[in-house]
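Structural characterization, general
Take a look at the letters that make up each chain.
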Amino acid sequence: MTKGQKISLSKSDGGSLTAIRMGLGWQAAPRRGLFGSRTREIDLDASAVLFADKQPVDVVFFQHLTSDDGSVRHTGDNLVGGAGQGGDDESILVDLQRVPVHVDQIVFTVNSFTGQTFAEVQNAFCRLVDETNGQELARYTLTGGGQYTAQIMAKVQRGASGWSMTAIGTPANGRTFQDLIPAILPAL
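Below: a short report on this structure. This is a predicted model, so every value here is computed, not measured. (Residues numbered from 1 in each chain as written. Predicted model: local features only at pLDDT ≥ 70, side-chain atom pairs only at ≥ 80, totals over all residues. Heavy atoms only, no water.)

1. A word on the overall build of the chain
- Scanning the chain from terminus to terminus reveals 1 helix and 13 strands.
- Its helices and strands taken in sequence order, the chain reads β-β-β-β-β-β-β-β-β-β-β-β-β-α from the N to the C terminus.
- Carbon and sulfur atoms form 48% of the exposed surface of the chain, whose accessible area is close to 8,900 Å². (Helix = DSSP H or I, 4+ residues; strand = E, 2+ residues; numbered from the N terminus. Areas by Shrake-Rupley, 256 points an atom, 1.4 Å probe, with all protein chains shown as cover.)

Okay, structure coming up:
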């Protein structure tokens, strides 16, 4: 996906997706030093902020792994990233059928809890997967992250014809989702 691109989450057969997974993967970029290259552990965190009429009403992140209604669930905190296998290091599962009717948007964010910038991260991605069959629906690669410590990655929003996803890709600074709320609001 490219920044600003919007895709429908309706299936090609006309049905609707019922469960999605936002996956986050990354590696620490090697840094050259006096004695060769080495990597420093980087703790990226995935969060999902649930909004009702542009107001945050719930959040799922490493300290609150399940939304109050149970429709959104974080699978757990990964403190160091991947070993280069390309898999998801953190995942957030969303049961779209159980999301309360008043929740109209869910925004997915990524932040560097340890404070390193995305210039120190490589192979970072956010992807959306149909959880019922494992099919990857969309992938957003974090490139050129620069001197930022966070990214507003994407949002899913409920409309008259069902759910859709929009790649946001806005860089920001912050170590937690709370730091990112001011950067999220213009994307709603």
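Additional details are given in the paragraphs that follow.
2. Here's the deal with the pairing of strand 13 (residues 162–172)
- Most of strand 13 sits out of view: 8 of its 11 residues are buried.
- With 9 bridges connecting them, strand 12 (residues 150–159) and strand 13 associate as antiparallel partners. Bridge assignment links A150 to a residue of strand 13, and that residue is A172.
- In textbook terms, the turn of a hairpin is the stretch between consecutive antiparallel strands, and for strand 12 and strand 13 this stretch comprises 2 residues. (Buried < 20%, exposed > 50% of the residue type's maximum accessible area, 1.4 Å probe, protein only. Pairing = 2+ DSSP bridges.)

3. Details of the nonpolar core
- Counting 34 residues, the largest nonpolar core has L44, V72, I92, V94, I106, F108 and V156 as its most contacted members.
- The set of elements that each furnish at least two residues to this core consists of strand 2 (19–28), strand 5 (44–52), strand 8 (90–95), strand 9 (105–112), strand 10 (121–130), strand 11 (135–141), strand 12 and strand 13.
- The contact partners of V156, leaving out residues within four places of it in the chain, are L9, I20, D104, Q105, I106, F108, L128, W163, S164 and M165.
- Grouped together as the second largest cluster of nonpolar side chains are 14 residues, F61, A172, I181 and I184 included. (Core = buried A, V, L, I, M, F, W, Y, C linked by side-chain atoms within 4.5 Å. Contact = heavy atoms within 4.5 Å.)

4. Digging into unusual backbone geometry
- For D53, which is not glycine, the phi torsion reads 50 degrees and is therefore positive.
- Note that D53 resides in the loop between strand 5 and strand 6 (55–60).
- The backbone phi angle of K54 is positive, close to 65 degrees, even though this residue is not glycine.
- Along the polypeptide, K54 turns up in the loop between strand 5 and strand 6.

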